[in-house]
Amino acid sequence: MKKMNRLLTLIAVPAMVLAACAAPPTAPAQPAQPAADKKFAGITINAITFSGPQIAEPMQRRGKEFSEATGATVNVITVPFADLYQKILNDFATGTNSYDVIVFAPQWMGDYIEPGYLEDLTDRVKADPDLQWEDIGPFFRDFSATYNGRIYTIPLDGDFQMVYYRTDIAKDLGLAPPRTWDDYLAFAKAVSEKKLTTDDGKPVYGSCIAKKKAAQSYWMVTSVASAFIQSQGTGQGAFFDLETFKPLYNNEAFEKALNIYKETTQYGPPDEINLDVGDTRGLWTAGQCALTIDWGDIGTLAIEEGSKARDKTGAVILPGSTQVLDRKTGKLVDCTPELCPHAIDGVNHAPFAAFGGWSGAINKASKPEVKDAAFAYLSYMSQPAQSNVDVTIGKTGFNPYRISQFKDITNWTNAGMSEQAAKDYLGAIEASLNSPNMVLDLRIPQNQYYQGIVLDGAIAKFLAGEQDAAATMKEIEEGWEQKTEELGRDKQLAVYKATLGVQK
Amino acid sequence: MATLTSSSAVTATAKPRGSLGERAAPAAFLLPAVLVVLFLSIFPLILSLFLAMSRLRFEAGGVQVQFVGWDNFRKLLVGTEQKVLFGTLSEPSPIGWLLLIGVATLMLAAIYRAVREARSVGAVIARTAAAILLIGLTYLIVATLFSPEGRPGTLVVTMLYVAVGITLQYLIGLGLALLCAQQLPGRRFFRVVFLLPMMITPVGVGYLFRMLADTNKGPLEPVWIMLGMQDFAWANNAWGARVAVMIGDIWQWTPFMFIVLLAALEGQSVEPVEAAIVDGASNWQIFRHITLPAILPVSTTLILIRMIEAFKIIDLPNILTNGGPGTATETLTLYAYRIWRALDIGGSAAIAYILLFLVTFIATLYVRAIRNRLGTT
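Attention now moves to helix H11 (residues 238–267) of chain B. Each α-helix turn comprises 3.6 residues. Residues three or four places apart therefore point the same way. Residues and elements named next belong to chain B. Taking 1.5 Å of rise per residue, the 30 residues of H11 would be expected to cover 44 Å, and the 43 Å separating its terminal C-alpha atoms lies within 8% of that figure. The largest bend in H11 is about 35 degrees, located at Trp 253, with the proline Pro 255 one to four residues further on. Backbone nitrogen of Trp 239 and a side-chain oxygen of the N-cap are separated by 2.9 Å at the start of H11; the cap is Asn 237.

The next point concerns the environment of Asp 71 of chain B. Residues and elements named next belong to chain B. Among the secondary structure elements, Asp 71 is positioned in helix H3 (residues 71–77). As a C-alpha pair, Asp 71 and Ala 350 span 279 residues in sequence and 9.5 Å in three-dimensional space. For Asp 71, the side chain forms a polar contact with the side chain of Arg 55, separated by 2.7 Å.

Now for the pairing of strand E3 (residues 101–104) of chain A. All names here are of chain A. Side-chain alternation along E3 places Val 101 and Val 103 on one buried face and Ile 102 and Phe 104 on a second face that is also buried. Sheet analysis places strand E1 (residues 44–50) next to E3, joined by 2 bridges and oriented parallel. Considered in E3, the bridge of Ile 48 is made with Ile 102.

Here we come to empty space enclosed by the protein. Evaluation of the coordinates by the stated rule reveals 4 cavities of 30 Å³ or more. Volume-wise, the largest cavity comes out at about 80 Å³. Lining the largest cavity are 14 residues, and of these Gly 299, Ala 302, Thr 313, Met 417 and Ala 421 of chain A sit closest to its centre. Mapped onto the lining of the largest cavity, the elements with two or more residues apiece are strand E9 (313–316) and helix H17 (419–434) of chain A. For the lining of the largest cavity, the residue count by class is 8 nonpolar, 3 polar and 3 charged. Here the second largest cavity defines a volume of roughly 60 Å³. The wall of the second largest cavity is formed by Gln 446, Lys 483, Glu 486 and Leu 487 of chain A together with Arg 55, Leu 56, Arg 57, Leu 343, Asp 344, Ile 345 and Gly 346 of chain B. Of all the secondary-structure elements, those providing two or more residues to the lining of the second largest cavity are helix H19 (469–487) of chain A together with strand E1 (54–59) and helix H16 (345–374) of chain B. When the residues that make up the lining of the second largest cavity are grouped by side-chain class, the tally is 4 nonpolar, 2 polar and 5 charged.

This structure, assessed with the given rule, holds 38 salt bridges over all chains. Between Asp 279 of chain A and Arg 210 of chain B there is a salt bridge whose closest N-O contact spans 3.9 Å. Of this pair, Asp 279 of chain A sits in helix H11 (residues 277–285) while Arg 210 of chain B sits in helix H9 (residues 202–212), each in a different chain. You can call Asp 279 of chain A buried: its relative accessible area is 16%. Arg 151 of chain B is the partner of Glu 466 of chain A in a salt bridge, and the nearest nitrogen-oxygen pair spans 3.2 Å. Of the two residues, Glu 466 of chain A sits in the loop between helix H18 (447–463) and H19 while Arg 151 of chain B sits in strand E4 (residues 151–152), which places them in two different chains.

On the chain B side, the residues contacting the 36 residues of chain A number 47 residues. In total, chain A and chain B occlude about 3,600 Å² of area from one another, counting both sides; carbon and sulfur atoms represent 47% of this. Three residues, Lys 213, Pro 270 and Glu 486 of chain A, lead the burial of chain A against chain B; their summed loss comes to 17% of the area buried on that side. Linking chain A to chain B there are 6 salt bridges. Here Arg 55 of chain B ties to Glu 486 of chain A by a salt bridge, and the two come within 3.5 Å at their closest N and O atoms.

Turning our attention to the state of the cysteines. All names here are of chain A. Throughout the structure, instances matching the rule amount to 2 disulfides over all chains. Here Cys 208 connects covalently by a disulfide to Cys 289, the sulfurs 2.0 Å from one another. Measuring the twist about the S-S bond at about -95 degrees, one finds the Cys 208-Cys 289 disulfide to be left-handed. Here the residue Cys 208 occupies a position in the loop between helix H8 (181–194) and helix H9 (217–229), and Cys 289 occupies one in the loop between H11 and strand E8 (291–294), the gap between them amounting to 81 residues. For the residue pair Cys 208 and Cys 289, the accessibility class agrees, reading buried in each case. The partner cysteine of Cys 335 in its disulfide is Cys 340, sulfur to sulfur 2.0 Å. Around the S-S axis, the bridge from Cys 335 to Cys 340 shows a dihedral of about -80 degrees and counts as left-handed. Under the relative-accessibility criterion, Cys 340 is labelled buried at 4%. If the cysteines joined by disulfides in chain A are listed in sequence order, their pairing comes out as 1-2, 3-4.

Basis of the calculations
- Residues numbered from 1 in each chain as written.
- Chains lettered and ligands numbered in written order.
- Predicted model: local features only at pLDDT ≥ 70, side-chain atom pairs only at ≥ 80, totals over all residues.
- Heavy atoms only, no water.
- Helix = DSSP H or I, 4+ residues; strand = E, 2+ residues; numbered from the N terminus.
- Expected span 1.5 Å × (residues − 1).
- Bend = angle between axes of the 7 residues up to and from the residue.
- Polar contact = N/O pair within 3.5 Å; in protein donor to acceptor, adjacent residues only side chain to side chain.
- Buried < 20%, exposed > 50% of the residue type's maximum accessible area, 1.4 Å probe, protein only.
- Pairing = 2+ DSSP bridges.
- 1 Å grid on protein atoms, 1.4 Å probe; cavity = no way out; pocket = protein on both sides within 12 Å on 5 of 7 lines; lining within 4 Å.
- Points joined across faces, edges and corners; volume = space filled by probe spheres on them.
- Nonpolar A, V, L, I, M, F, W, Y, C, P; charged D, E, K, R; others polar.
- Salt bridge = Lys/Arg side-chain N within 4 Å of Asp/Glu carboxyl O.
- Contact = heavy atoms within 4.5 Å.
- Buried area = accessible area lost by both parts, 1.4 Å probe.
- Disulfide = S-S within 2.5 Å.

Structural data, given as structure tokens:
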């Protein structure tokens, strides 16, 4: 009996502790019973995205609202970002079709649309006035949502990389926001040499860039390289030559970018090459960074409670260069009006639309009634009434992508941003969006291999000091060429050209 | 009755020949088990070999599988991925050369012994092939790890984790087991405590160590500052990162060694120990000549099991460093996983086959070495 009592205690105590930790002292929530008269009563939508909490959080929150309004049940399934691409592709290719809605990177569209896995949404979009399609920024409509002239996704997020700087530090040290990458290095170096600290004695680093391997570092280096490689407008492309489909990553321009990228490490946190975006964002809001490269998230995270960078966060378009690549010779040459027609005061800016913004698509194999509900759900999330609020909340991971979100700053000031900060932040995004020299992210079949494996792997070795810039560029060129030969040069070139058909 | 008699007579005078059903019965009973083995073990092995020689592409209406022969292996062994797999080979240091010469001498001696013992041609060839492979592996290790300019690839990093991890896990596990086998106060409590790390999933251990090892905001930050190491980041340093991974792995798997060795220690016969004490043997002599031989069979099996498992390490390097800095902490499994995520399924399967070959080769060598040592066949 004593043994039995001990056994019961052993089982009961941890169970009680777990129960106490897990459940708030409220009555258990009853699943909402869909009213029979609701439009999508009894329909279940399975949606997959990455295990944020960003992106998943608004999907769950808006999903609940959508359920209450329509009777549909929305299940949000999350997987780590690194697994999302192949998880979706495996599900589609094997005919499992577990997911009705996918919220993913538009970069992967080629791999999903070409085999015919995604529903063409063109007619649904045209028939949905509540979506206010024309309010969505032209870039997101044309790049994130469209493939071969047909609409396949509903944009939920707008993604560009920008440079953020600490306005208070710039003022104190008499530094101007960086216009060129040399300015960026000078700014970072000046802060680093000052050995500034936060109020609680933590060091302030000159520059914080997420450089972790197999994470998002390859976008960061592309942000640096873009201004050196592309100068003739979006259609020129910044990854491959439009005639030969030879990589543009083995020349003086990319070498310069590599050296800049590596030099920033000197002014960053000691473990910068093991920091992912979440880590650098944490450092920014802790007031420990003077400069960073990031998507729009920093602007909203900086105004969240507890942030030490509130009203001290300035944003500018990605810095540019006064020298660009001469593609015939592979040399860096000075900008001329012919060579850099879009330069501003002699500086060629090439803002990089890294990732392209989270977008929602519908599985073509889903049942017709589920597709209807799924479209209504995506439309609901994207409609201005919802999205104009969500883009002002840092934890959603959503950044502005609608014209109304740039024109009206009320939502931003309501969210806690000062008027100046809002204008600064939205101004930088708008400047990127309006740039005729925007660099489109790679969207060819198996871009995940080109960027996530070859480029990322080579950059990681370069940052770790395992190889020099020349070996890094050679490795990228050889790796990309090999994959191109495997997949077919002509086919890849045709898709690449098609994706660059977007002109602003 | 007549029928029975007749049947008995037939049985007694002629070769037993049952009906078709009777003759097929053994095969029919065995077939399900054979099919299960074929389906679960042999078939996936063959299929994955086919995948390792293929290139998969997702296209309209399904998956296109293109047979490419040895191309995936060629890419790994002599192509663009060679540096990732083998690392950067360079002139070995004097210690490296000594090590290589030592191994080569041993191997040549083994081949000579096989020839002298007049073993079969097949056995000599097999031993020679094994010797060449082992010398090759040793050269790979000395040209990357014991070389100032060298850098180990995923193959050597994996072997490093296995060798260092298992050695330390065994030694620490044995030490703890010896302690807990004593009649010390609180030993029952510590038995449970020492087992706890094994109960945590490897992913959990990865995140635990990631938090602990965060020198910026982790709980040990004040210690780093106190030691004047605030500007040092283990994650930037190849050996720092490898050590971090090894510490996590050792922390997690030492309990496995501990619990099995404790059972072995407690199961050993007390009479020889008591006799040795009466004869005035020291503690070290008792351990060296009685305890160690007693637990040797368990130890060899334990090391073999852990070795096979340790070759598959992925969670810790994946969570702690994603295989970085550079390729410093990347293991074969993590490498395979990384390219599998980018849908290079053929390349990933080829790496898996290289790993299978490596594990089989080293495990076979280990088992043979133990057999020779114990004088069994």
